[in-house]
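So the chains spell out like this:
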Amino acid sequence: MSAERAWLTVALLAVIAFATRSVGPLATGGRTIGPRARRVIALLPAALLAALVATGAFVRGSSLILDARTAGLAVALLLVLRRTGVVTVLIVAAASTALFRLAGL
Amino acid sequence: VPAVSASPTVSRLREGARAATPFTVAAVLLGTSFGIAAREAGIPAGAAIAMSALANAGSAQIAAVAILAGGGSLAAAGIAALLINLRFLPMGMAMGPSLPRSRIRRALYGAAIVDASWILARIGNGRFDRHLLLGSTAVQWVGWVAGTAIGALGRDVLPDPSTFGVDAVFPAFFLAIIVPELRSAEPLVVAVIGAAIALSMALIAPAGAGIVLAGVAALIGLRRAEAR
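Residues numbered from 1 in each chain as written. Chains lettered and ligands numbered in written order. Predicted model: local features only at pLDDT ≥ 70, side-chain atom pairs only at ≥ 80, totals over all residues. Heavy atoms only, no water.

Caption draft 1: Summary view of the overall build of chain B. Helices and strands together make up the secondary structure of chain B, namely 13 helices and zero strands. Scanning chain B from its N terminus toward the C terminus, one meets helices and strands in the order α-α-α-α-α-α-α-α-α-α-α-α-α. Against the 2.2 N^0.38 benchmark of 17 Å for 228 residues, chain B shows a C-alpha radius of gyration of 19 Å, consistent with a compact globule. Dimensions of chain B, computed from the C-alpha atoms along their principal axes, are close to 65 × 60 × 30 Å. Restricting to contacts in chain B with at least 6 residues of sequence separation, those with at least 24 account for 69%. Put simply, chain B shows about 10,000 Å² of open surface, and 67% of that area lies on carbon and sulfur atoms. (Helix = DSSP H or I, 4+ residues; strand = E, 2+ residues; numbered from the N terminus. Rg over C-alpha atoms; globule rule 2.2 N^0.38 Å. Contact = heavy atoms within 4.5 Å. Areas by Shrake-Rupley, 256 points an atom, 1.4 Å probe, with all protein chains shown as cover.)

Caption draft 2: Structural view of unusual backbone geometry. Although it is not a glycine, A:Arg83 adopts a positive phi angle of roughly 60 degrees. Judged by its relative accessible area of 63%, A:Arg83 falls in the exposed class. We note that B:Asn56 has phi near 50 degrees; this positive angle belongs to a residue other than glycine. (Buried < 20%, exposed > 50% of the residue type's maximum accessible area, 1.4 Å probe, protein only.)

Caption draft 3: Just the packing of helix α1 (residues 3-27) of chain A against helix α6 (residues 88-95) of chain B, in detail. For the pair α1(A) and α6(B), the least separation of the axes is 6 Å and the interaxial angle reads 35 degrees. The crossing of α1(A) and α6(B) is right-handed. Of α6(B), the residues touching α1(A) (which contributes A:Thr20, A:Arg21, A:Val23, A:Gly24 and A:Pro25) are B:Phe88, B:Leu89, B:Gly92 and B:Met93. Looking at the contact of α1(A) with α6(B), its residues break down into five nonpolar, three polar and one charged. (Axes fitted to C-alpha atoms, helices over the stretch in contact; angles between N-to-C directions. Left-handed = near helix turned anticlockwise from the far one by under 90°. Nonpolar A, V, L, I, M, F, W, Y, C, P; charged D, E, K, R; others polar.)

Caption draft 4: Quick peek at a nonpolar patch on the surface. On the surface, a nonpolar cluster with roughly 520 Å² of combined accessible area is contributed by A:Phe58, A:Leu64, A:Leu66, B:Leu203 and B:Ile204. On the secondary structure map, A:Phe58 appears in helix α2 (residues 35-58). (Patch = residues over 30% accessible without salt bridge, like charges linked within 9 Å, V, L, I, M, F, W, Y side chains within 5 Å. Salt bridge = Lys/Arg side-chain N within 4 Å of Asp/Glu carboxyl O.)

Caption draft 5: Summary view of the interface of chain B and chain A. Each side of the interface is counted separately: chain B has 89 residues, and chain A has 64 residues. Of the roughly 6,800 Å² buried where chain B meets chain A, counting both sides, 78% is carbon and sulfur surface. Where chain B packs against chain A, one counts three salt bridges. Between A:Arg101 and B:Asp167 there is a salt bridge, and its shortest N-O distance comes to 2.8 Å. In this assembly, chain B and chain A are joined by eleven residue pairs in polar contact (both at pLDDT 80 or more). Here the side of chain B that touches chain A is composed, by residue class, of 63 nonpolar, 17 polar and nine charged. (Buried area = accessible area lost by both parts, 1.4 Å probe. Polar contact = N/O pair within 3.5 Å; in protein donor to acceptor, adjacent residues only side chain to side chain.)

Caption draft 6: A look at the pattern of salt bridges. Inspection of every chain in the model, using the stated rule, returns seven salt bridges over all chains. Residue A:Arg60 pairs with A:Asp67 through a salt bridge whose shortest N-O separation is 2.7 Å. You can call A:Arg60 buried: its relative accessible area is 18%. For A:Asp67, a relative accessible area of 16% puts it in the buried group. Close ionic contact of A:Arg69 with B:Asp167 constitutes a salt bridge, the shortest N to O distance being 2.7 Å. Of the two residues, A:Arg69 sits in helix α3 (residues 68-81) while B:Asp167 sits in the loop between α9 (130-154) and α10 (169-178), which places them in two different chains. Since its relative accessible area comes to 17%, A:Arg69 is described here as buried.

Structural data, given as structure tokens:
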């Protein structure tokens, strides 16, 4: 990646991050978004984060596969379902992915 | 040791920082993972650290960098980051009535919203404590930027990060924050559809397109609202 493209990405992310966070507090008191739009916005994280999890677990390049990271994330899912703390989940996910990889998965 | 009586403001800043400790540790791990991912995508260490310092947007940053690393366009990366960060819109609106009247100060307090801080700053009856928010965000920001620096600069001296399973850290974090939200039917359906869109698009479309298109699944919210 060229340095220009990298710094353009920095600027883009900085603007997006500031705009999305400051618009809400500025808007309250004046006009508000409707209940339908609010419902869609409230559901966006579920759609996008599930897409990111699925991609991280199964997509390598342009094919779907099962590998060490898939297995490590399955372990992480078990911990999350048991309501384990987030730090433990992250460490166990990395360690188990590393072990599955070492085992040749 | 003489007793030091802190002002209420300072003590609430401290209280926010203390409550955010586990998220700060997580931020260091995530930041390290992001710093490495950014370098692997060809982003210089300085730019990666600047991005974390200025944007402070973990999920949006990692999604954008993953899309760029897969050969996706800057536009696709920006749209994905925007969609992921749209959740701050309703969160900021909820916080609005608890903030000072000055528009500049409202915007700046809004810029301090991150997921964990927003949750920790709730004090009941729909009210928020802006000092709890600031204290909580400040320590997480330090952790995120420091982690990014460790990952981005350490990339040159560390062996292959996949040896340590670093590539699993971010998907695991997304699992940890999204699974508790899926206890009711509607978000669960949206998540399954979003994942299905992302997986099927990955086979036929350029990198990142599937993640952006997965946002379409949230339109289910319209249907339910109309049924009422």
